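Spelled out from the first residue to the last, the chains are:
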Amino acid sequence: MKRLFLAFLFTGSITTTLMAQSAQYTEAMTKQTSDLDSSSIFTPDGLQQKANTFERIADAEKSQWLPYYYAAYMEVMQALTLKDKSQIDPLADKAEANLDKAEALSPKNSEIACIRSLVATARLTVDPMSRGMKYGPEAASLLEQAKSFNPENPRIYMLQGQSLLFTPEQWGGSKSKAKTTLELALEKFAAFKPESSIAPHWGEPYTRKLLEQSQQ
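From a predicted model like this one, the values you see are computed outputs, not experimental measurements.

Here is what the cut-offs are and how they apply
Residues numbered from 1 in each chain as written. Predicted model: local features only at pLDDT ≥ 70, side-chain atom pairs only at ≥ 80, totals over all residues. Heavy atoms only, no water. Helix = DSSP H or I, 4+ residues; strand = E, 2+ residues; numbered from the N terminus. Buried < 20%, exposed > 50% of the residue type's maximum accessible area, 1.4 Å probe, protein only. Contact = heavy atoms within 4.5 Å. Areas by Shrake-Rupley, 256 points an atom, 1.4 Å probe, with all protein chains shown as cover. Lys, Arg positive; Asp, Glu negative; His and termini not counted. Charge placed at Lys NZ, Arg CZ, Asp CG, Glu CD. Axes fitted to C-alpha atoms, helices over the stretch in contact; angles between N-to-C directions. Parallel < 35°, antiparallel > 145°, perpendicular 65-115°, else oblique. Left-handed = near helix turned anticlockwise from the far one by under 90°. 1 Å grid on protein atoms, 1.4 Å probe; cavity = no way out; pocket = protein on both sides within 12 Å on 5 of 7 lines; lining within 4 Å. Points joined across faces, edges and corners; volume = space filled by probe spheres on them. Nonpolar A, V, L, I, M, F, W, Y, C, P; charged D, E, K, R; others polar. pLDDT = per-residue confidence, 0-100. Salt bridge = Lys/Arg side-chain N within 4 Å of Asp/Glu carboxyl O. Core = buried A, V, L, I, M, F, W, Y, C linked by side-chain atoms within 4.5 Å. Phe/Tyr/Trp six-rings, centres within 6.5 Å; stacked < 30°, edge-to-face > 60°.

A. Region of the structure containing the overall build of the protein chain. In terms of regular secondary structure, the protein chain is built from nine helices and zero strands. Its helices and strands taken in sequence order, the protein chain reads α-α-α-α-α-α-α-α-α from the N to the C terminus. Based on the C-alpha atoms only, the size of the protein chain along its principal axes is roughly 80 × 40 × 30 Å. Looking at the 216 residues of the protein chain, the share that counts as buried comes to 42%. For the protein chain, long-range pairs separated by at least 24 residues make up 67% of all intrachain contacts whose partners lie at least 6 apart in sequence. For the protein chain, the accessible surface area stands at approximately 12,100 Å², while carbon and sulfur atoms represent 56% of it. Between the centroid of the 24 positive side chains of the protein chain and the centroid of its 25 negative side chains there is a distance of 3 Å.

B. Inspection of the packing of helix H4 (residues 88–105) against helix H5 (residues 110–126) at higher detail. For the pair H4 and H5, the least separation of the axes is 10 Å and the interaxial angle reads 165°. In terms of axis orientation, H4 runs roughly antiparallel to H5. Of the two possible hands of crossing, H4 and H5 adopt the one that is left-handed. Of H5, the residues touching H4 (which contributes Ile88, Asp89, Ala92, Asp93, Ala95, Glu96, Leu99, Asp100, Ala102 and Glu103) are Ile112, Ile115, Arg116, Val119, Ala122, Arg123, Thr125 and Val126.

C. Broad picture of the layout of surface pockets. If you add up the space inside the largest pocket, you get close to 1,400 Å³. The wall of the largest pocket is formed by 45 residues, among which Thr121, Leu159, Gln162, Ser163 and Phe166 lie closest to the centre. The set of elements that each furnish at least two residues to the lining of the largest pocket consists of helix H3 (66–81), H5, helix H6 (128–149), helix H7 (154–166) and helix H9 (204–214). For the lining of the largest pocket, the element with the most residues is H6, which contributes ten residues. Tallied by class, the residues present in the lining of the largest pocket amount to 26 nonpolar, 15 polar and four charged. Of the voids in this model, the second largest pocket is the one considered here, and its volume is about 320 Å³. For the second largest pocket, the lining is made up of 19 residues, of which Trp65, Asn109, Glu111, Glu195 and Ala199 are closest to its centre. The residue inventory of the lining of the second largest pocket, partitioned by class, reads nine nonpolar, six polar and four charged.

D. Region of the structure containing the packing of helix H8 (residues 175–191) against H9. The interhelical angle for the contact between H8 and H9, taken along N-to-C directions, is 155°, at an axis separation of 9 Å. One finds that H8 runs roughly antiparallel with respect to H9. Between H8 and H9 lies a crossing of left-handed hand. Here Lys175, Ala178, Lys179, Leu182, Glu183, Ala185, Leu186 and Phe189 of H8 lie close against H9, whose contacting residues are Glu204, Thr207, Arg208, Leu210, Leu211, Gln213 and Ser214.

E. Geometry of the confidence of the model for the protein chain. Residues of the protein chain with pLDDT of at least 70 account for 90%, and the chain-wide mean is 90. When the criterion is pLDDT under 50, residues 1–20 qualifies, and its contacts beyond four places in sequence or with other chains add up to zero contacts.

F. A look at the pattern of salt bridges. Taken as a whole and judged by the stated rule, the model has twelve salt bridges. Ionic pairing is found between Asp89 and Arg123, a salt bridge with its closest N-O pair at 3.1 Å. On the criterion of sequence distance, the pair formed by Asp89 in helix H4 and Arg123 in helix H5 is long-range, its members being 34 residues apart. Summarising the burial analysis for this pair, Asp89 and Arg123 share the class buried. One salt-bridge network, in which partners are shared between bridges, spans Asp89, Asp93, Glu96, Arg123 and Arg131.

G. Just the nonpolar core, in detail. By size, the foremost hydrophobic cluster in this structure holds 52 residues, and its most contacted members are Met29, Leu66, Tyr69, Tyr73, Met74, Val76 and Ile115. The element best represented in this core is H3, accounting for eleven residues. Excluding anything up to four places from it in sequence, Leu66 contacts Tyr25, Met29, Ile198, Ala199 and Pro200.

H. Local environment of the packing of aromatic side chains. Using the criterion set out here, one finds four aromatic pairs in the structure. Taking the centre distance of 5.1 Å and the plane angle of 20° together, the rings of Phe54 and Tyr70 count as stacked. Remark: Tyr70 occurs in helix H3 and Phe54 occurs in helix H2 (residues 44–60); sequence separation between them is 16 residues. For the pair Phe54 and Tyr70, a shared accessibility class is recorded, and that class is buried. Aromatic pair Tyr69 and Tyr70: ring centres 4.9 Å apart, planes at 75°, arrangement edge-to-face. Among the residues examined, Tyr69 registers a relative accessible area of 0% and is labelled buried. Aromatic rings pair up to connect Phe54, Trp65, Tyr69 and Tyr70 into one cluster.

And the structure:
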């Protein structure tokens, strides 16, 4: 009886510790993901600070894919905001390494495929003339892959619409096609239900801005 009681206490202690860790993780992630639609963080320094924070959370919570995903998202967005093209590939490499870790924990994940598409886009911007033939189709293919994993993910259509909007017409871009795709993205956003309070939910305000640009 005494052994059973001690075993119960031990099990209860582990459960309490795990619940405390889970609550701490959720609180930290909620704080860090709450402002991902705010333009104030989209500076090289702001994005770097966010990436560092998500990587620290990932180091502490190695069984969770989301911190690696968000760290990669911050790193690729930083790469896309930099004027110094020599810094883009190293940041893209870091983002891909974090995405590999995220994907090992959550295979066939539409959200991860979307960020991989952004990584390809970032690499393309280093030298569009020489890299366009490789990374343009790769970025598009990754979005199709994301769609095969979850066709209801609105960020797929946001990124497709963005590509159509900013790609020259002679290379397949189109404002009218961008408008149609971005309108579809907003329909998907309206219906989309994130899996949790810390699951990816960013992108709707930016989609609205892109749609405005497509109508100008």
